[in-house]
Amino acid sequence: MSSMNNVMGLSKYMLSLPQTKISLFTMVFLSFIVGSIGFSIDPTQGVSLFQDIIYGGSAGFLIFGLGSIMSGAITQPWVNSLNGRKMKMKQSMFLALFSMGIISIIYLIGCAVSTIFEINVILDSLIFGFALIFAFRTLVIWGTSNISLLNSVLIASAQPGLIISMLIVVLFVSTTVVAAIGYISVLAFLLKIIIASSILILAIYSFVVVIESPMRKNLGLGGLELLSLFISHITEGSTALEGLFEEIGEPIDTLVGVVSFKTKKGIKALFISPCVHPGPIGSIGGSNMPTILAEKFDHFTMVAHGPSTHDFNPVSTNEIVKVEDAIKSSLDDISYSDKASTFVRLGNKKAKLGAQFFGDDLLLMATFAPEGFDDIDFGVGLAMINLAKNRCSAENIILVDCHNCFKGESGRVLPGNKEVFHLMGAVEKIECLDQYGSIQVGCSHDPLHNLSRVEGIGESGVKVMVIEVNGQKMAYILLDSNNMIIGFREKIIDAVKSQGIDQVEVMTTDTHSVNALAGGHNPVGNKKADEIINKIVESTQKAVEDLEVVQAGCKLSKIENLKTLGPTNATELVATISSIVAVSRIFAPLVFILALIFVFVWTFLLTL
């Protein structure tokens, strides 16, 4: 598994939280049940089972439920008042519910042990539970809210503090609860909790210092700040993470290829292939670039995936304007032709190229399908473009990475890989074509509103452009997706060809707007595959009905000073996060298990 896969895999730990009222009602119900079970496991002498259930349930609600609900209500405005990452009430309430669940389990275990071994460890169990939820809340709040450790500790203490307060009050006013739980020495009780909590806080601080140091040293970023902003983006759609990327970004020069089709009325369609990567995730940087860029033009516009990797992720959506400007400048300088060749396929070992000439210009479609692959590096693409220019004296070479057979990050085509030479060999097989014909183009766009990111479909849905030359109908199909599962391309091609289309190529935009989901990668074809294919077939039929005579022109232009993560920072960021994850898997269990052992010994084996 590559470093990027390690990082992308972290998103599987993201989950959708229940609404505030659900967490609230769950705390009321659960606290009553826990109290009833606790009193039933360790029954009070001279009291009936029914009374144990009622007294226990009431005590459970007052101690665990009420204290947790109040802490949930306090935590959210407290965190937000400190100008960190904004916390929602549903997040605060769920944190309180989860923490209450932890201490409830520990309390019930203490009740069971007390009954089985006839020793009273209920108070010690509560002390252990208080320390544990205090440490857990500190880690969560500090790690996600981007506030100081001291403030995190104070906020984290709200729930255990309120539960302890309610416990002391209930013990003083109810002899039944005293009989069930035991007598309490308040000072000794609090001292044990404070020392146990301090041990766990020390462990948390040591852990965070160790895992943050590589990030600060290599990139000057705070690991917790990065985590907080990442969570904020996933849960709230915040783009504040772009601010961090802009600090470490570096300017690059890259290319954008444009194929323009026009009628006597003006431009009918644009086919764009920017060597800019649509990442890194969600709506950050260029992640939704294919849709944003297409909407900048009044014409039917397909934004395919040019050769580029995560190194070429724009640091912010504002950088997309530079791509737009380069395209618009190209449109002012395009030479049009009314002749084109038919679409031909070339192969060399694993590599496959689709080629179509438009006048003196050439459009190339690169794929390894059905062999899995991922991004083709810009350097590899540039070498292919330069080599192709020598074939038939082609003036502008527009290269598309079809990105249509998912293998994960391990499938990237980088300089030195054997796949590079497969591609170069395919380029060398390009032959000059004598048979040119007039061009007809038809377009169709279906946003696929019934499908969503869950099915791997972005905002732009599917776009189809059919080009007819000398009676050959060639369908260029573009899905707004991040790659597709192995074999899905071939199913689409077979379905479209069955409708009388001679040649078909299927591409994805590589949009990373569909990646803000559990598990990271989200290739199309895993879900509702038949429905997607049917929609593509329908769109192709509509494109055929839209055919009309056009002229075509191509232009390959430079994009200057595009601020991206850059080859150095992108690699270093991913490698650093990956190393932190790897180290954490070893260091975290070691630190926290040792800390829990010390707390256990202090709580259960030592007396004050």
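Residues numbered from 1 in each chain as written. Predicted model: local features only at pLDDT ≥ 70, side-chain atom pairs only at ≥ 80, totals over all residues. Heavy atoms only, no water.

Engineer: Pulling in residues and values, what's your account of the environment of Leu423?
Structural biologist: Here Leu423 shows up in helix 15 (residues 418-427). Its relative accessible area of 0% is what places Leu423 among the buried residues. Separated by 42 residues in sequence, Leu423 and Gly381 have C-alpha atoms that sit 9.3 Å apart. (Helix = DSSP H or I, 4+ residues; strand = E, 2+ residues; numbered from the N terminus. Buried < 20%, exposed > 50% of the residue type's maximum accessible area, 1.4 Å probe, protein only.)

Engineer: I'd like a description of helix 17 (residues 529-545), backed by residues and values.
Structural biologist: Spanning 17 residues, helix 17 covers 25 Å between terminal C-alpha atoms, matching the ideal 24 Å at 1.5 Å per step. For helix 17, the complete set of buried residues consists of Ala529, Ile532, Ile533, Ile536, Val537, Ser539, Thr540 and Ala543. Viewed along the axis of helix 17, the buried residues span an arc of 165°, placing them on a single side of the element. Exposed and oriented more than 90 degrees from the buried face of helix 17 are Asp530, Lys542 and Glu545. Against the buried residues of helix 17 lie strand 9 (437-446), strand 10 (462-469), strand 11 (472-479) and helix 16 (488-497). (Expected span 1.5 Å × (residues − 1). Arc of directions from axis to C-beta. Contact = heavy atoms within 4.5 Å.)

Engineer: Please provide a residue-by-residue account of a nonpolar patch on the surface, values included.
Structural biologist: Where nonpolar side chains cluster on the molecular surface, the patch consists of Leu590, Ile593, Leu594, Ile597, Phe598, Phe600, Val601, Leu605 and Leu606 and spans about 860 Å² of accessible area. The residue Ile593 is located in helix 18 (residues 566-605) in this model. (Patch = residues over 30% accessible without salt bridge, like charges linked within 9 Å, V, L, I, M, F, W, Y side chains within 5 Å. Areas by Shrake-Rupley, 256 points an atom, 1.4 Å probe, with all protein chains shown as cover. Salt bridge = Lys/Arg side-chain N within 4 Å of Asp/Glu carboxyl O.)

Engineer: So what's going on with the packing of helix 14 (residues 378-389) against helix 15? Which residues, and what values?
Structural biologist: Helix 15 packs onto helix 14 with a crossing angle of 20° between their chain directions and a minimal axis gap of 10 Å. Relative to helix 15, the element helix 14 lies roughly parallel. Our pair here, helix 14 against helix 15, has a crossing hand that is right-handed. Residue-level contacts link Val380, Ala383, Met384, Leu387 and Ala388 of helix 14 to Val420, Leu423, Met424 and Val427 of helix 15. Grouping the constituent residues of the contact of helix 14 with helix 15 by class yields 9 nonpolar, no polar and no charged. (Axes fitted to C-alpha atoms, helices over the stretch in contact; angles between N-to-C directions. Parallel < 35°, antiparallel > 145°, perpendicular 65-115°, else oblique. Left-handed = near helix turned anticlockwise from the far one by under 90°. Nonpolar A, V, L, I, M, F, W, Y, C, P; charged D, E, K, R; others polar.)

Engineer: A description of the packing of helix 3 (residues 49-80) against helix 4 (residues 89-117) should follow, citing residues and the corresponding values.
Structural biologist: With their axes 8 Å apart at the nearest point, helix 3 and helix 4 run at an angle of 150° to one another. One element, helix 3, and the other, helix 4, form an angle in the roughly antiparallel class. In this structure, helix 3 meets helix 4 at a crossing whose hand is right-handed. Together, Phe64, Gly65, Ser68, Ile69, Ser71, Gly72, Ala73, Thr75 and Gln76 of helix 3 and Met89, Ser92, Met93, Ala96, Met100, Ile103 and Tyr107 of helix 4 make up the contact between the two elements. Here the residues of the contact of helix 3 with helix 4 are counted per class, giving 9 nonpolar, 7 polar and no charged.

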